[in-house]
Amino acid sequence: AVVRLPAAATARRTAAERRRLRRRALDAHLAGALPVTLDLARVAARSAPGRRGLPAAPVVGALVALEGSDGRTHGLGWVSAVDPAGARLIVETAVAGDAITAVAIGRERYPAV
C-alpha cells in the first residue's frame, strides 16, 4: 500500500533566523565539550580549506574541525589555549583526543572565549 502525505508547508527564513539556528546547532554540538590537549608533534595542524597557510592571527577562540585517521571530520571544537613552547593545542570538544589525527583551523570564532 502506498501512503500519500501532503507536502509540509515551507517558509522562507530571514538571514537573522538562519544565523540563530546555526548558532543554536553549534551550541548543541559543543555542549558538554571538555578540554583536550593535542600534541602537535602527533596531530597535524592546517588551515581549513579555502585558506592558505596557518593563521597568523591568534588562534585562541577559533573553531576547528577535528579529523580522524580516515581523513573524515569527527566533530568540531574551539581552541581554548595554545602552548607554543610545548607544541600543544588545547581544544574544547566532545571528540576523544586519541581519535584526532589532524586539526583544520577555521577563521570563524566561537564566542565562548
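This section reports on the structure supplied with the text. (Residues numbered from 1 in each chain as written. Predicted model: local features only at pLDDT ≥ 70, side-chain atom pairs only at ≥ 80, totals over all residues. Heavy atoms only, no water.)

Some points on the overall build of the chain
Summing up its helical and strand segments, the chain has one helix and six strands in all. Each helix and strand of the chain, placed in order from N terminus to C terminus, yields the pattern α-β-β-β-β-β-β. Whereas a compact globule of 113 residues would reach a radius of gyration of roughly 13 Å, the chain reaches 18 Å, over 25% beyond that. On the principal axes, the C-alpha backbone points of the chain span a range of 65 × 35 × 30 Å. Within the chain, the fraction of its 113 residues that count as buried is 29%. Of the charged side chains in the chain, 17 are positive and 9 negative; the average position of the first set lies 12 Å away from that of the second. (Helix = DSSP H or I, 4+ residues; strand = E, 2+ residues; numbered from the N terminus. Rg over C-alpha atoms; globule rule 2.2 N^0.38 Å. Buried < 20%, exposed > 50% of the residue type's maximum accessible area, 1.4 Å probe, protein only. Lys, Arg positive; Asp, Glu negative; His and termini not counted. Charge placed at Lys NZ, Arg CZ, Asp CG, Glu CD.)

A closer look at the pairing of strand β3 (residues 62-67)
β3 sits mainly inside the fold: six of its six residues count as buried. Here β3 shows a buried face lined by Ala62, Val64 and Leu66 and a second buried face lined by Leu63, Ala65 and Glu67. Where β3 lies against strand β6 (residues 102-109), five bridges are found, and the strand directions are antiparallel. Paired with glutamate 67 across the strands is alanine 102, a residue of β6. Pairing analysis gives five bridges linking β3 to strand β4 (residues 73-83), with the strands arranged antiparallel. Across the sheet, leucine 63 pairs through a bridge with tryptophan 78, a residue of β4. Connecting β3 to the next strand, β4, in antiparallel fashion are five residues, including glycine 71 with a positive phi near 80 degrees. (Pairing = 2+ DSSP bridges.)

Examining the sheet that holds β3
Backbone hydrogen bonds hold the strands of a sheet together, and the pairing may be parallel or antiparallel. One open sheet holds the six strands; their spatial order is β1-β5-β4-β3-β6-β2, and the pairing between them is mixed. With one partner strand each, in any of the chains shown, β1 (34-39) and β2 (44-47) form the two edges of the open sheet. Across the sheet, the mean angle from the axis of one strand to that of its neighbour is 40 degrees, orientation sign disregarded. Helix α1 (residues 15-30) rests against β3, β4 and β5 (88-93) of the sheet, and its axis sits at about 80 degrees to β4. (Axes fitted to C-alpha atoms, helices over the stretch in contact; angles between N-to-C directions. Contact = heavy atoms within 4.5 Å.)

A word on the pairing of β6
As paired strands, β2 and β6 are joined by four bridges and run parallel to one another. Across the sheet, residue serine 47 finds its bridge partner in β6, namely isoleucine 105.

Quick word on the pattern of salt bridges
Proximity of charged atoms lets side chains of opposite charge pair with each other. According to the stated counting rule, one finds four salt bridges in the structure shown. Across the salt bridge formed by arginine 88 and aspartate 83, the nearest N and O atoms sit 2.7 Å from each other. (Salt bridge = Lys/Arg side-chain N within 4 Å of Asp/Glu carboxyl O.)

Here's the deal with a positive patch on the surface
On the surface, Arg12, Arg18, Arg19 and Arg22 cluster together to form a positively charged patch. Tracing the sequence through the fold places arginine 19 in helix α1. (Patch = residues over 30% accessible without salt bridge, like charges linked within 9 Å, V, L, I, M, F, W, Y side chains within 5 Å. Areas by Shrake-Rupley, 256 points an atom, 1.4 Å probe, with all protein chains shown as cover.)

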